[in-house]
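Listed here are the chains, written in short residue letters.
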Amino acid sequence: MARLDSPSSINTFKQCQRRYYYNYIIRLPTKENIYTLRGNIVHDVLEKFFKLNLEKVDNAHLESVLKLTLLDLLRQGWMTRLRKIVSLGLPQERTGYYFEETRQMLLTWLDNFITTLDKSDLKSSFKEKVPKYQEHELICEELGLKGIIDAVHQCDDGILILDYKTSRVDEMKVEYKLQLAIYALLYQQKYNQLPSRVGIDLLKHGQRIISVDPSLIELAKKEVAYVKENTTSNNIADYPKKPSPLCKWDGGACDFYEVCQPFDKAQPL
Ligand code: SF4
(Lines give C-alpha, C1' and ligand atoms only; values in the text may rest on other atoms or scores of the structure.)
Protein backbone atom coordinates (compact mmCIF):
# COMPACT_ATOMS: atom_id res chain seq x y z
CA MET A 1 0.00 0.00 0.00
CA ALA A 2 1.26 3.48 -0.84
CA ARG A 3 2.45 5.56 2.10
CA LEU A 4 -0.34 7.47 3.81
CA ASP A 5 0.50 10.99 4.91
CA SER A 6 -1.16 12.66 7.87
CA PRO A 7 -1.44 16.23 9.18
CA SER A 8 1.56 15.43 11.35
CA SER A 9 3.76 14.14 8.49
CA ILE A 10 2.74 17.04 6.23
CA ASN A 11 3.57 19.61 8.89
CA THR A 12 6.87 17.80 9.53
CA PHE A 13 7.79 18.06 5.84
CA LYS A 14 7.05 21.78 5.86
CA GLN A 15 9.11 22.26 9.00
CA CYS A 16 12.16 20.18 7.96
CA GLN A 17 12.40 17.82 5.01
CA ARG A 18 15.28 15.84 6.53
CA ARG A 19 13.15 15.18 9.58
CA TYR A 20 10.41 13.87 7.31
CA TYR A 21 12.99 11.57 5.66
CA TYR A 22 14.15 10.12 8.99
CA ASN A 23 10.65 9.75 10.36
CA TYR A 24 8.52 8.69 7.39
CA ILE A 25 10.85 7.44 4.63
CA ILE A 26 13.35 5.30 6.55
CA ARG A 27 11.25 5.19 9.73
CA LEU A 28 13.91 5.69 12.37
CA PRO A 29 12.47 5.16 15.83
CA THR A 30 11.15 8.23 17.62
CA LYS A 31 11.27 8.90 21.35
CA GLU A 32 8.46 9.75 23.68
CA ASN A 33 8.73 12.90 25.73
CA ILE A 34 6.70 14.45 28.51
CA TYR A 35 4.60 16.44 26.03
CA THR A 36 3.62 13.46 23.88
CA LEU A 37 2.90 11.36 26.98
CA ARG A 38 0.83 14.13 28.52
CA GLY A 39 -1.05 14.62 25.25
CA ASN A 40 -1.92 10.91 25.18
CA ILE A 41 -3.10 10.99 28.79
CA VAL A 42 -5.33 14.03 28.23
CA HIS A 43 -6.87 12.55 25.09
CA ASP A 44 -7.69 9.33 26.97
CA VAL A 45 -9.17 11.30 29.86
CA LEU A 46 -11.50 13.31 27.63
CA GLU A 47 -12.54 10.27 25.62
CA LYS A 48 -13.51 8.41 28.81
CA PHE A 49 -15.13 11.52 30.31
CA PHE A 50 -17.69 11.64 27.51
CA LYS A 51 -18.53 7.96 28.06
CA LEU A 52 -19.66 8.60 31.63
CA ASN A 53 -22.95 7.08 32.64
CA LEU A 54 -24.75 9.77 34.62
CA GLU A 55 -28.12 7.98 34.94
CA LYS A 56 -27.87 7.62 38.72
CA VAL A 57 -26.47 11.11 39.38
CA ASP A 58 -28.94 13.82 40.30
CA ASN A 59 -28.64 17.29 38.82
CA ALA A 60 -27.69 18.89 42.13
CA HIS A 61 -24.48 16.84 42.36
CA LEU A 62 -23.61 16.65 38.71
CA GLU A 63 -20.94 19.37 38.64
CA SER A 64 -19.10 17.80 41.60
CA VAL A 65 -19.32 14.34 40.05
CA LEU A 66 -17.93 15.62 36.77
CA LYS A 67 -15.01 17.29 38.52
CA LEU A 68 -14.13 14.31 40.72
CA THR A 69 -14.44 11.92 37.80
CA LEU A 70 -12.24 14.03 35.54
CA LEU A 71 -9.52 14.22 38.20
CA ASP A 72 -9.79 10.49 38.85
CA LEU A 73 -9.42 9.76 35.14
CA LEU A 74 -6.31 11.95 35.10
CA ARG A 75 -4.85 10.10 38.07
CA GLN A 76 -5.55 6.73 36.43
CA GLY A 77 -4.07 7.85 33.12
CA TRP A 78 -0.95 9.23 34.79
CA MET A 79 -0.44 6.05 36.85
CA THR A 80 -0.90 3.85 33.78
CA ARG A 81 1.98 5.67 32.09
CA LEU A 82 4.06 6.24 35.20
CA ARG A 83 6.81 3.83 34.18
CA LYS A 84 7.27 5.65 30.87
CA ILE A 85 7.18 9.05 32.59
CA VAL A 86 9.82 7.96 35.13
CA SER A 87 11.98 6.54 32.32
CA LEU A 88 12.29 10.06 30.86
CA GLY A 89 14.65 10.81 33.76
CA LEU A 90 13.16 14.20 34.63
CA PRO A 91 13.75 15.55 38.15
CA GLN A 92 10.85 14.58 40.41
CA GLU A 93 9.79 18.19 40.96
CA ARG A 94 9.65 18.70 37.20
CA THR A 95 7.36 15.69 36.78
CA GLY A 96 5.23 17.03 39.62
CA TYR A 97 5.04 20.39 37.86
CA TYR A 98 3.76 18.77 34.66
CA PHE A 99 1.15 16.78 36.56
CA GLU A 100 -0.12 19.90 38.32
CA GLU A 101 -0.14 21.90 35.10
CA THR A 102 -2.14 19.14 33.39
CA ARG A 103 -4.56 19.03 36.32
CA GLN A 104 -5.11 22.79 36.07
CA MET A 105 -5.60 22.59 32.30
CA LEU A 106 -8.28 19.94 32.68
CA LEU A 107 -10.04 21.88 35.44
CA THR A 108 -10.08 25.00 33.24
CA TRP A 109 -11.42 22.92 30.38
CA LEU A 110 -14.15 21.54 32.67
CA ASP A 111 -15.13 25.03 33.90
CA ASN A 112 -15.49 26.16 30.28
CA PHE A 113 -17.44 23.01 29.41
CA ILE A 114 -19.86 23.45 32.33
CA THR A 115 -20.68 27.01 31.25
CA THR A 116 -22.02 25.56 27.98
CA LEU A 117 -24.49 23.28 29.81
CA ASP A 118 -28.10 24.17 30.44
CA LYS A 119 -28.26 24.63 34.23
CA SER A 120 -31.93 23.66 34.38
CA ASP A 121 -31.20 20.17 33.03
CA LEU A 122 -27.51 19.40 33.31
CA LYS A 123 -27.83 15.70 32.56
CA SER A 124 -29.71 16.08 29.28
CA SER A 125 -27.46 18.94 28.35
CA PHE A 126 -24.35 16.81 29.01
CA LYS A 127 -25.72 14.09 26.73
CA GLU A 128 -26.22 16.61 23.94
CA LYS A 129 -22.58 17.69 24.23
CA VAL A 130 -21.19 14.18 23.82
CA PRO A 131 -19.28 14.05 20.52
CA LYS A 132 -20.84 12.11 17.65
CA TYR A 133 -17.44 10.47 17.13
CA GLN A 134 -14.29 10.41 19.25
CA GLU A 135 -10.77 9.44 18.14
CA HIS A 136 -12.31 9.09 14.70
CA GLU A 137 -9.87 7.66 12.14
CA LEU A 138 -10.39 8.72 8.53
CA ILE A 139 -8.42 7.26 5.62
CA CYS A 140 -8.55 8.36 1.99
CA GLU A 141 -6.56 6.00 -0.26
CA GLU A 142 -7.15 8.23 -3.26
CA LEU A 143 -5.35 11.16 -1.63
CA GLY A 144 -2.91 8.92 0.28
CA LEU A 145 -4.05 10.57 3.47
CA LYS A 146 -5.15 9.64 6.98
CA GLY A 147 -6.00 11.42 10.20
CA ILE A 148 -7.48 10.79 13.62
CA ILE A 149 -9.98 13.45 14.70
CA ASP A 150 -10.31 13.96 18.46
CA ALA A 151 -13.99 14.92 18.45
CA VAL A 152 -16.74 15.35 15.86
CA HIS A 153 -19.81 17.22 17.11
CA GLN A 154 -23.22 17.45 15.46
CA CYS A 155 -24.31 21.07 15.99
CA ASP A 156 -27.33 23.05 14.84
CA ASP A 157 -25.31 24.57 12.00
CA GLY A 158 -23.72 21.27 10.94
CA ILE A 159 -20.56 19.36 11.82
CA LEU A 160 -17.91 20.79 14.13
CA ILE A 161 -14.48 19.11 14.21
CA LEU A 162 -12.34 19.70 17.30
CA ASP A 163 -8.73 18.89 18.13
CA TYR A 164 -7.62 19.04 21.77
CA LYS A 165 -4.38 20.91 22.46
CA THR A 166 -2.29 21.16 25.63
CA SER A 167 -0.32 24.13 24.28
CA ARG A 168 0.43 26.94 26.71
CA VAL A 169 0.13 29.52 23.96
CA ASP A 170 -3.28 30.89 22.97
CA GLU A 171 -2.75 30.95 19.23
CA MET A 172 -4.17 29.36 16.07
CA LYS A 173 -0.76 28.40 14.68
CA VAL A 174 -0.29 27.91 10.95
CA GLU A 175 0.28 24.18 11.46
CA TYR A 176 -2.94 23.86 13.46
CA LYS A 177 -4.89 25.53 10.67
CA LEU A 178 -3.42 23.12 8.12
CA GLN A 179 -4.17 20.14 10.37
CA LEU A 180 -7.82 21.26 10.64
CA ALA A 181 -8.04 21.91 6.90
CA ILE A 182 -6.86 18.33 6.26
CA TYR A 183 -9.43 16.96 8.69
CA ALA A 184 -12.17 18.92 6.89
CA LEU A 185 -10.96 17.50 3.57
CA LEU A 186 -10.86 13.94 4.94
CA TYR A 187 -14.34 14.33 6.44
CA GLN A 188 -15.70 15.60 3.15
CA GLN A 189 -14.11 12.68 1.27
CA LYS A 190 -15.58 10.11 3.66
CA TYR A 191 -19.09 11.51 4.22
CA ASN A 192 -19.58 13.69 1.15
CA GLN A 193 -20.39 16.50 3.55
CA LEU A 194 -18.31 19.53 4.36
CA PRO A 195 -18.01 20.30 8.10
CA SER A 196 -19.38 23.75 8.99
CA ARG A 197 -16.60 24.57 11.41
CA VAL A 198 -13.26 23.23 12.64
CA GLY A 199 -11.26 24.28 15.65
CA ILE A 200 -8.77 23.66 18.37
CA ASP A 201 -9.82 23.19 21.97
CA LEU A 202 -6.93 24.68 23.91
CA LEU A 203 -7.53 23.18 27.33
CA LYS A 204 -5.84 26.12 28.98
CA HIS A 205 -7.57 28.86 26.99
CA GLY A 206 -10.77 27.59 25.40
CA GLN A 207 -11.92 26.85 21.86
CA ARG A 208 -10.68 28.71 18.79
CA ILE A 209 -13.00 27.94 15.89
CA ILE A 210 -12.86 28.81 12.21
CA SER A 211 -15.50 28.40 9.51
CA VAL A 212 -14.90 25.91 6.74
CA ASP A 213 -15.00 27.47 3.30
CA PRO A 214 -13.68 26.40 -0.12
CA SER A 215 -10.38 28.23 0.47
CA LEU A 216 -9.66 26.02 3.52
CA ILE A 217 -10.21 22.87 1.48
CA GLU A 218 -8.03 24.28 -1.31
CA LEU A 219 -5.26 24.95 1.23
CA ALA A 220 -5.38 21.29 2.34
CA LYS A 221 -5.37 19.97 -1.25
CA LYS A 222 -2.49 22.24 -2.27
CA GLU A 223 -0.27 21.31 0.68
CA VAL A 224 -1.01 17.59 0.41
CA ALA A 225 -0.21 17.64 -3.32
CA TYR A 226 3.01 19.57 -2.66
CA VAL A 227 4.22 17.00 -0.11
CA LYS A 228 3.21 14.05 -2.30
CA GLU A 229 5.09 15.48 -5.29
CA ASN A 230 8.24 16.02 -3.26
CA THR A 231 8.39 12.75 -1.33
CA THR A 232 8.61 10.15 -4.11
CA SER A 233 12.39 9.78 -3.69
CA ASN A 234 14.16 7.52 -1.18
CA ASN A 235 17.40 9.47 -1.56
CA ILE A 236 18.45 11.40 1.55
CA ALA A 237 19.97 14.14 -0.62
CA ASP A 238 16.47 15.06 -1.79
CA TYR A 239 15.47 15.96 1.78
CA PRO A 240 17.64 18.91 2.91
CA LYS A 241 18.28 19.68 6.55
CA LYS A 242 16.75 22.85 7.93
CA PRO A 243 18.81 23.80 11.00
CA SER A 244 16.75 25.97 13.34
CA PRO A 245 15.94 26.44 17.02
CA LEU A 246 13.66 23.39 16.60
CA CYS A 247 16.77 21.15 16.31
CA LYS A 248 17.83 21.64 19.92
CA TRP A 249 16.45 23.78 22.71
CA ASP A 250 16.80 24.09 26.43
CA GLY A 251 15.89 20.64 27.74
CA GLY A 252 15.03 18.94 24.44
CA ALA A 253 16.03 18.14 20.88
CA CYS A 254 14.69 16.80 17.62
CA ASP A 255 14.45 12.99 17.80
CA PHE A 256 17.04 12.75 15.03
CA TYR A 257 19.53 15.30 16.30
CA GLU A 258 22.34 12.78 16.87
CA VAL A 259 22.11 11.15 13.46
CA CYS A 260 21.51 14.47 11.70
CA GLN A 261 24.18 16.67 13.32
CA PRO A 262 22.53 19.77 11.84
CA PHE A 263 25.18 22.24 12.94
CA ASP A 264 28.23 20.14 11.94
CA LYS A 265 29.81 22.07 9.06
CA ALA A 266 31.89 18.99 8.08
CA GLN A 267 28.68 17.18 7.13
CA PRO A 268 26.88 18.03 3.91
CA LEU A 269 23.42 19.49 4.22
S1 SF4 B 1 17.98 18.02 13.82
FE2 SF4 B 1 17.13 19.84 12.79
S3 SF4 B 1 17.83 19.72 10.67
FE4 SF4 B 1 18.09 17.69 11.58
S5 SF4 B 1 16.22 16.55 11.13
FE6 SF4 B 1 15.91 17.49 13.11
S7 SF4 B 1 14.93 19.45 12.70
FE8 SF4 B 1 15.83 18.76 10.77
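Remember, it's a predicted structure, so these values are computed and weren't measured experimentally. (Residues numbered from 1 in each chain as written. Predicted model: local features only at pLDDT ≥ 70, side-chain atom pairs only at ≥ 80, totals over all residues. Heavy atoms only, no water.)

A. Up close: the nonpolar core. In terms of nonpolar packing, the biggest core is built from 37 residues, with I10, Y20, L145, I161, I182 and V198 touching the most fellow members. At the level of secondary structure, the elements contributing two or more residues to this core comprise α1 (7-15), α2 (17-25), β1 (133-140), β2 (145-155), β3 (158-165), α8 (174-191), β4 (197-202) and α9 (214-229). Per-element tally for this core: the top contributor is α8, with 10 residues. Beyond its immediate stretch of four places on either side in the chain, Y20 contacts R3, D5, S9, T12, F13, I25, V227, T231 and Y239. Membership of the second largest hydrophobic core comes to 32 residues, among which are V45, F50, V57 and L66. (Core = buried A, V, L, I, M, F, W, Y, C linked by side-chain atoms within 4.5 Å. Buried < 20%, exposed > 50% of the residue type's maximum accessible area, 1.4 Å probe, protein only. Helix = DSSP H or I, 4+ residues; strand = E, 2+ residues; numbered from the N terminus. Contact = heavy atoms within 4.5 Å.)

B. View of the layout of surface pockets. Here the second largest pocket defines a volume of roughly 500 Å³. As for the second largest pocket, its lining consists of 21 residues, and the residues nearest its centre are F113, T116, K129, H153 and Q207. Of all the elements in the fold, those that place two or more residues in the lining of the second largest pocket are α6 (92-115), α7 (122-129), β2, β3, β4 and β5 (206-211). Broken down by element, the residue count for the lining of the second largest pocket peaks at four residues, all from α6. Among the residues making up the lining of the second largest pocket, the classes are represented as eight nonpolar, eight polar and five charged. Taken domain by domain, the lining of the second largest pocket gets at least three of its residues from each of domain 1 (7-25 + 131-229) and domain 2 (34-129). (1 Å grid on protein atoms, 1.4 Å probe; cavity = no way out; pocket = protein on both sides within 12 Å on 5 of 7 lines; lining within 4 Å. Points joined across faces, edges and corners; volume = space filled by probe spheres on them. Nonpolar A, V, L, I, M, F, W, Y, C, P; charged D, E, K, R; others polar. Domains from an automatic or database assignment.)

C. Spotlight on the side chain of D150. Mapped onto the elements of the fold, D150 is located in strand β2. No salt bridge is formed by the buried D150. Its closest oppositely charged neighbour is K165, at 6.6 Å. A polar atom in the side chain of D150 sits 2.9 Å from the side chain of H43. Once you skip the residues sitting within four places of it in the chain, D150 turns out to touch H43, Y133, Q134, E135, L162, D163 and Y164. (Lys, Arg positive; Asp, Glu negative; His and termini not counted. Salt bridge = Lys/Arg side-chain N within 4 Å of Asp/Glu carboxyl O. Polar contact = N/O pair within 3.5 Å; in protein donor to acceptor, adjacent residues only side chain to side chain.)

D. Representation of α2 within the structure. A large share of α2 lies buried, amounting to eight of its nine residues. Within α2, the full set of buried residues consists of Q17, R18, Y20, Y21, Y22, N23, Y24 and I25. The elements touched by buried residues of α2 are α1, α9 and α10 (257-260). Immediately beyond the C-terminal end of α2, within one or two residues, lies R27, with a positive phi of roughly 55°.

E. Spotlight on the side chain of E223. Examined against the element boundaries, E223 turns out to sit in helix α9. E223 sits in the buried class, given a relative accessible area of 11%.

F. Here's a closer look at a nonpolar patch on the surface. A contiguous nonpolar surface patch, about 270 Å² in accessible area, is contributed by M79, L82 and V86. On the secondary structure map, M79 appears in helix α4 (residues 62-80). (Patch = residues over 30% accessible without salt bridge, like charges linked within 9 Å, V, L, I, M, F, W, Y side chains within 5 Å. Areas by Shrake-Rupley, 256 points an atom, 1.4 Å probe, with all protein chains shown as cover.)

G. Seen up close, the pairing of β1. When β1 meets β2, the two strands line up antiparallel, connected through seven bridges. The partner of L138 across the bridge, within β2, is G147. Joining the antiparallel neighbours β1 and β2 is a turn of four residues, in which G144 adopts a positive phi near 65°. (Pairing = 2+ DSSP bridges.)

H. Fine view of the site of the ligand. Around the ligand, the neighbouring residues are C16, R19, K241, K242, P243, C247, C254, Y257, C260 and P262. Taking a 2 Å distance to the grid points as the criterion, the majority of the atoms of the ligand fall inside the largest cavity. Taken together, the residues that form the shell around the ligand break down as seven nonpolar, no polar and three charged. (Near = heavy atom within 4 Å. Sits in = over half its atoms within 2 Å of the grid points.)

I. Here's a closer look at the environment of L180. Its location among the elements puts L180 in helix α8. When the C-alpha positions of L180 and D163 are compared, they lie 7.9 Å apart, and in sequence the two are 17 residues distant. Not counting the four nearest positions on each side in its chain, L180 is found in contact with D163, M172, V198, G199 and I200.

J. Broad picture of the pattern of salt bridges. Going through the model one piece at a time under the given rule, you end up with 13 salt bridges. The salt bridge involving E32 is made with K84; its shortest N-O contact spans 3.6 Å. Taken together, the residues span a long stretch of sequence, with E32 in the loop between α2 and α3 (34-49) and K84 in helix α5 (residues 82-87) at a distance of 52 residues. The class of K84 is partly exposed, set by a relative accessible area of 42%. Sharing partners across several salt bridges, the network here consists of R38, E101 and R168.

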